[in-house]
Amino acid sequence: SQKIEQNSEALNIQEGKTATLTCNYTNYSPAYLQWYRQDPGRGPVFLLLIRENEKEKRKERLKVTFDTTLKQSLFHITASQPADSATYLCALDMSNTGKLIFGQGTTLQVKP
Amino acid sequence: AAGVIQSPRHLIKEKRETATLKCYPIPRHDTVYWYQQGPGQDPQFLISFYEKMQSDKGSIPDRFSAQQFSDYHSELNMSSLELGDSALYFCASSLRTERNSPLHFGNGTRLTVT
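Conventions and cut-offs
- Each chain has its residues counted from 1, running along the sequence as written.
- Each chain is given a letter, starting from A, and each ligand a number, starting from 1, according to the order in which they appear as written.
- For this predicted model, a pLDDT threshold of at least 70 governs which residues receive local features, and a threshold of 80 or more governs which side-chain atom pairs are given and counted, while totals over whole chains, interfaces and linings are taken from all residues.
- To get the side-chain values, all heavy atoms of the structure are used, and hydrogens and water are removed first.
- Every residue pair with non-hydrogen atoms within 4.5 Å of one another is taken to be in contact.
- Here the quantity called buried area is the total loss of accessible area, with a 1.4 Å probe, experienced by two parts when brought into contact, counted for both.
- Take a side-chain nitrogen of Lys or Arg and a carboxyl oxygen of Asp or Glu: if they are within 4 Å of each other, that pair is a salt bridge.
- Think of a polar contact as two N or O atoms within 3.5 Å of one another; within protein, one of them needs to be a possible hydrogen donor and the other a possible acceptor, and neighboring residues in sequence only count if both atoms come from side chains.
- A helix here means a DSSP run of H or I that spans at least four residues, while a strand means a run of E at least two residues long, and both kinds are numbered starting from the N terminus.
- By convention in this document, the label disulfide applies to cysteine sulfur atom pairs within 2.5 Å.
- A simple rule labels every residue: compare its accessible area, found with a 1.4 Å probe on the protein chains alone, to the largest value its type can have, and call it buried under 20%, exposed over 50%, or partly exposed in between.

Turning to the interface of chain B and chain A, a few remarks are in order. Counting residues at the interface gives 20 residues for chain B and 20 residues for chain A. Carbon and sulfur atoms supply 50% of the area that chain B and chain A bury against each other, a total of about 1,700 Å² over both sides. For the interface between chain B and chain A, the tally reads 1 salt bridge. Note that Asp56 of chain B and Lys99 of chain A form a salt bridge whose closest N and O atoms lie 4.0 Å from each other. Scanning the region where chain B abuts chain A turns up 6 residue pairs in polar contact (both at pLDDT 80 or more). At the level of elements, strand 4 (31-37) and strand 9 (87-94) of chain B are the ones that each hand at least two residues to the side of chain B that touches chain A. The greatest single-element share of the side of chain B that touches chain A, amounting to 3 residues, is contributed by strand 4 of chain B.

Have a look at this one:
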């Protein structure tokens, strides 16, 4: 079955540095991959989508890469700010019906 | 812009009771999804509806049922509640015709079973 793995340990970085989060998956070749941000007690919020034929996608301080050979996506936040502190989830649509399977998320803490 | 609205925000029930959670999707969105998120866990897909018909089913217990109504709002009915049902329940909506459309989540209903 499909397995999605994200860094289970929290990532602590200093304000201004670049945060890099990893998402690895097995047993599937998704057409696209999505990244969400979730704050405590709130619903996930969509950030970025990257398709299998795209190597990289950018949106303001966010950058996502997608390596279908390695079965891995990297999520970067440049010039990080304390307000970026949250849990970041990667998600795959295995059936092209919109049903997303989520990774367990990586909690990012940006210290001032 | 209008977002996904869920009610109630918090719900406390006792074991063996019944609960009904409601979801109002973003206007014009044709697909609704229900997810369950336990403490420290990732959201787990329960069930989805497209144009008021069930389109996909995940790890939803037989004690739970859901439907989507003519006005596109959806309800998740949970019976014979167990302590393990305590979780955050999220509803999300999307527009299927929008290619690779992201899901728009509500802020969830926190269900506590005592």
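Take the state of the cysteines next. The tally for this structure, following the rule as stated, stands at 2 disulfides over all chains. Shown here is the disulfide that connects Cys23 of chain A with Cys90 of chain A, its sulfur atoms set 2.0 Å apart. Between Cys23 of chain A and Cys90 of chain A, the S-S dihedral sits near 65 degrees, and the bridge is therefore right-handed. Here Cys23 of chain A, found in strand 3 (residues 19-26), pairs with Cys90 of chain A, found in strand 9 (residues 86-93); they are 67 residues apart in sequence, far enough to count as distant. You can call Cys90 of chain A buried: its relative accessible area is 0%. There is a disulfide in this structure between Cys23 of chain B and Cys91 of chain B, and the S-S distance comes to 1.8 Å. Given an S-S torsion of about -55 degrees, the disulfide between Cys23 of chain B and Cys91 of chain B has left-handed geometry. Taken as a pair, Cys23 of chain B in strand 3 (residues 19-24) and Cys91 of chain B in strand 9 lie far apart in primary sequence, 68 residues in all. The buried category is assigned to Cys23 of chain B, whose relative accessible area is 0%. For Cys91 of chain B, a relative accessible area of 0% corresponds to the buried category.

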